[in-house]
Structures are given as C-alpha cells and as structure tokens.
Amino acid sequence: MNYRKFGKHDFEISILGFGCMRFPVINDDESKINEKETIKMLHYAIDNGVNYLDTAYPYHGGNSEVIVGKALQGGYREKVRLATKLPVWLVKTYDDFNIFLKEQLEKLHTEHVDCYLLHALNKYSWRRMKDLGALDFLTRAIKDGKIKYAGFSFHDDFKTFKEIIDSYDWDFCQIQFNYLDENYQAGISGLKYAASKNIAVIAMEPIRGGKLAKNLPKEVKAIFGKSKIKRSPAEWALRWVWNHPEITLLLSGMSSLDQVVENVEVANDAYPMPLSEKELDIINEVKEIYKKKIKVNCTSCGYCIPCPNNVNIPKIFNLYNTAFMLDMLEESSKNYREFIEQGIDASKCVECGNCESMCPQHLHIMDSLKEVHKVFTTYHSR
C-alpha cells in the first residue's frame, strides 16, 4: 500500500480509503447491510494497509456507522483513521451539533472520531452552519478530544469552496474528483487551492458511482484497448485521480470483496505522475465519448432518497443514462415497465422539491424525471 502525508500533519494515510456508503445489502434494501460480508471486506482492506474509513450519519439509512463500529472491534479501531460526517441539514440549533456527535460516537463504539466533516456543504448550508456556530463547535470538539481533525465535504462552485477554505483552519476537505468531473464543482482549481494551503484533499466519486467501471460503451472499450498496458476501467479511473500529487487519498465505495482486492492491488503500486502522455490522451478520448452520451449527471449518491412518494430517483436516472451510454434504449424501456408496475416510476413525482434541495450535483431532478418518463413510455408504445 502506498501512503501520502495528511496535509499539514505529521502522519501518512493510505492513498486508498474505504468509502462506507455502498456496502453489499440484502434484497436490494439499502438499509439492510449484509453484515458478515461487509465486515469481511473491511477487515481485508485494513489487513492489507487501508487505514482510512469514511462513513456518514445517513449512509445505508443510518446503519453504516453501526456496522463500521462493529467491524472496528477487536483491535481494528487502533489501525485506522475513522471519518464520519455531521448531517448539517438536520441541525436546527447549536445543541444539535453535540447531540448528533454523541449519537455517532455511540454508534461507532469509539470515544473519538479522527476526522469529522460538515457534510455536503454548499453556499446555503455553509451560511446556516456559520450562523449556528459550527466553527466554534468544531474548535470545542477538538479541544475536548471528541474529534481530532476538522474538515468538510463539498458540492458547489469554486467561489463558494474558496470562501469556505479561507474561513477556518481546516485540516482536510473532500471534493468530487474523477476524469469526467475535472472542472466540476471545486474541480482542479479547488484541489490546487486547498493543497496550496497544506490542507489534505480527499477525492470522492473517483469512479463516479461505478459508472466508469462497468457496462462501458464499445467506443470506450476500443479506446482503452489501444494501450499496451492492460488495465481494468476502474484502474484507469483510480490511476487518473492518483496522478494528481495534490490528492491525499481517494475514497472508493466498494460493494464486494472482489472490488476491495482489485483496488488494494492497484493502490500497491500507484504513485504521483505515473501516467504517460499517451495514457492521458487515451483518457481524454474516453472523456469525450462519455460526455456526449450522459443524459443526467447523476452519481447515484442517494442523497435524494427516500422520496416521500417512493420515486426511486437514482435507479431511474441510472437506467436512463445506461440506455444512451450503452445503446440499450429498447431494453431499458422494458425495464422501466417494472418501475411503473412497482409504483416507483418518474410519473409518481409530485414536485415537492425535496430531492432537488438535497442533490449535491444541483440537478433539475423534477424536469429530468418528466423527460425520462416521456422517453421511455414513448419508446415502449411504438
């Protein structure tokens, strides 16, 4: 396993972090984690050098923290830097900061969290957090020993990112970064700005919710096939992120032991600036193919669900993007019929707007749902 220095601090962290939001589940129920398999995956990762775990209050319906806490018993807690996140959208008063942290410490079976993040900040939630005293709370929690390092995860524009970075003595930050999102949200500008201040930068969505690893368009397969170095699509995506020396580590939301094994193997020999000019040209070609095919810029992060009317937004958008990225419109339209039969299709949207207020990508979800329903039902009726 390769390691990099954690920003201004005198310790090293594994370049591969375990993102705990895509654990294997039972019967497609995101709240029902396959505990045995998940703990096996986490132990394998830690035993093979991964020393950073990232979870959050809402992951897997609130159960991710519970399973992570169980997995870290028996001496594993001392082997990792544990990160979790404050659900800023649920905080109404200053007292809530301490209430949520106390609950999280209990679920994780630990006396302190190594890395604590304000979750999914944007310009609006940032203003609320400042007004409610979030920065004072972080300072106090560090002083009290309940957290060691303060950070935030981010989903907005570079201007907002810079404002947040300049407002506090942050230890680290977390941004969305992959070869399709180089100039999206904080992007490469945010990466370099934070790194210039010696703030550790963690990359999330390096494989874009798995979309850069599976069901590739034939054009993309052909482009990767040009390389004399044979790599899986996931490895290409991970190596592109690690190719930036300003990145401290990346988080992979692994959902099977095979994925953990593959990612650990790749991380064992990944170094800054390892890609040749020809390899970077190959990735640039792939970028252009994907950008032309993607219809909805959804990463399946799940922040938009549960929907009060049971619309399964991430699965609907995933089906829609798959239809066009993989030239599977006929098959996807047939699959959409199952959504209709289950009562979770896009037509059930009542435009309450809850999903758009939670979306880190700031997607126009309600309009996109109308378009998806129109395309799929029109094709099916032909």
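In the block above lies the structure referred to throughout.
The rules behind each value
- Residues numbered from 1 in each chain as written.
- Predicted model: local features only at pLDDT ≥ 70, side-chain atom pairs only at ≥ 80, totals over all residues.
- Heavy atoms only, no water.
- Salt bridge = Lys/Arg side-chain N within 4 Å of Asp/Glu carboxyl O.
- Helix = DSSP H or I, 4+ residues; strand = E, 2+ residues; numbered from the N terminus.
- Buried < 20%, exposed > 50% of the residue type's maximum accessible area, 1.4 Å probe, protein only.
- 1 Å grid on protein atoms, 1.4 Å probe; cavity = no way out; pocket = protein on both sides within 12 Å on 5 of 7 lines; lining within 4 Å.
- Points joined across faces, edges and corners; volume = space filled by probe spheres on them.
- Contact = heavy atoms within 4.5 Å.
- Polar contact = N/O pair within 3.5 Å; in protein donor to acceptor, adjacent residues only side chain to side chain.
- Pairing = 2+ DSSP bridges.
- Right-handed = clockwise from strand over helix to strand, strands pointing away.
- Arc of directions from axis to C-beta.
- Axes fitted to C-alpha atoms, helices over the stretch in contact; angles between N-to-C directions.
- Core = buried A, V, L, I, M, F, W, Y, C linked by side-chain atoms within 4.5 Å.

Caption draft 1: Structural view of the pattern of salt bridges. Evaluation of the coordinates by the stated rule reveals 26 salt bridges. In this structure, aspartate 181 engages arginine 208 in a salt bridge whose closest nitrogen and oxygen atoms are separated by 3.2 Å. Here arginine 208 lies in the loop between β11 (200-204) and α8 (218-225) and aspartate 181 lies in the loop between β10 (172-176) and α7 (187-196), a separation of 27 residues in the sequence. You'll find aspartate 181 and arginine 208 in the same group, each marked buried. Across the salt bridge formed by glutamate 279 and arginine 231, the nearest N and O atoms sit 3.0 Å from each other. Of the two residues, glutamate 279 sits in helix α11 (residues 277-293) while arginine 231 sits in the loop between α8 and α9 (233-242), which places them 48 residues apart along the sequence. Relative accessible area serves as the criterion here: at 16%, arginine 231 is assigned to the buried category. Among the ionic contacts, a cluster of salt bridges with common partners joins Arg231, Glu235, Arg239, Asp269 and Glu279.

Caption draft 2: Examining the environment of tyrosine 124 more closely. With respect to the helices and strands, tyrosine 124 occurs in helix α4 (residues 123-132). On a C-alpha basis, the gap between tyrosine 124 and threonine 160 in space is 9.7 Å, while along the polypeptide they are 36 residues apart.

Caption draft 3: Structural detail: the layout of surface pockets. Estimated volume of the second largest pocket: approximately 320 Å³. The wall of the second largest pocket is formed by 17 residues, among which Ala120, Asn122, Ser125, Ser357 and Met358 lie closest to the centre. Looking at the lining of the second largest pocket, the elements with two or more residues in it are β8 (113-121), α4 and α14 (354-358).

Caption draft 4: Quick peek at the environment of alanine 56. Of note, alanine 56 is situated in the loop between β6 (52-54) and α2 (64-71). Sequence spacing of alanine 56 and leucine 117 is 61 residues, and the spatial spacing of their C-alpha atoms is 8.8 Å. When sequence neighbours within four positions are dropped, the list of residues in contact with alanine 56 reads Glu65, Thr84, Lys85 and His119.

Caption draft 5: Structural view of the side chain of asparagine 321. Tracing the chain through its elements places asparagine 321 in helix α12 (residues 313-325). Given a relative accessible area of 2%, asparagine 321 falls into the buried group. A polar contact of 2.7 Å, which involves the side chain of asparagine 321, links it to the backbone oxygen of valine 296. Setting aside its immediate chain neighbours within four residues, asparagine 321 contacts Lys211, Ile294, Lys295, Val296 and Cys298.

Caption draft 6: Looking closely at the side chain of threonine 110. Within the secondary structure layout, threonine 110 lies in the loop between α3 (94-107) and β8. For threonine 110, the side chain forms a polar contact with the side chain of arginine 77, separated by 3.0 Å. Those residues in contact with threonine 110, other than ones at most four positions away along the chain, are Arg77, Leu82 and Leu105.

Caption draft 7: Examining α9 more closely. Among the 10 residues of α9, 10 are classified as buried, and the element is accordingly described as predominantly covered. Every buried residue of α9 is listed here: Pro233, Ala234, Glu235, Trp236, Ala237, Leu238, Arg239, Trp240, Val241 and Trp242.

Caption draft 8: Fine view of the pairing of β10. In terms of burial, β10 is largely enclosed, as 5 of its 5 residues are buried. A two-sided burial pattern is seen for β10, the buried positions comprising Phe172, Gln174 and Gln176 on one face and Cys173 and Ile175 on the other. Across 3 bridges, strand β9 (residues 147-154) lies against β10 in parallel orientation. Looking at the pairing, glycine 151 lines up with phenylalanine 172 of β10. With helix α6 (residues 158-165) bridging β9 and the parallel β10, this β-α-β connection has right-handed handedness. Traced from β10 through α7 to β11, the parallel crossover comes out right-handed.

Caption draft 9: The arrangement of helix α5 (residues 134-143) in detail. For α5, the complete set of buried residues consists of Ala134, Leu135, Phe137, Leu138 and Ala141. Take α5 and look down its axis: the buried residues cluster within an arc of 155 degrees, on one side only. In α5, the exposed positions angled more than 90 degrees off the buried face are occupied by Asp136 and Lys143. As for α5, its buried residues are in contact with α3, β8, α4 and β9. Taken from the residues just after α5, glycine 145 is the one with a positive phi, measuring 80 degrees.

Caption draft 10: How the structure looks around the sheet that holds strand β7 (residues 81-86). Ordered in space as β3-β6-β7-β8-β9-β10-β11-β12, the 8 strands form a closed barrel in which the pairing is parallel. Ignoring strand direction, the axes of neighbouring strands in this sheet form an average angle of 25 degrees. Sheet analysis places β7 next to β8, joined by 4 bridges and oriented parallel. Following the sheet pairing, threonine 84 is matched in β8 by tyrosine 116. Contacts from α5 reach β8 and β9, with the element oriented near 150 degrees to β9.

Caption draft 11: Spatial organisation of the nonpolar core. One finds Phe18, Leu53, Leu138, Phe152, Trp170, Tyr179 and Tyr290 to be the most contacted residues of the largest nonpolar core, which totals 92 residues. Counting residues per element, this core draws most heavily on α9, at 7 residues. In terms of nonpolar packing, the next biggest core, distinct from the first, is built from 23 residues, Leu319, Ile344, Leu369 and Val372 among them.

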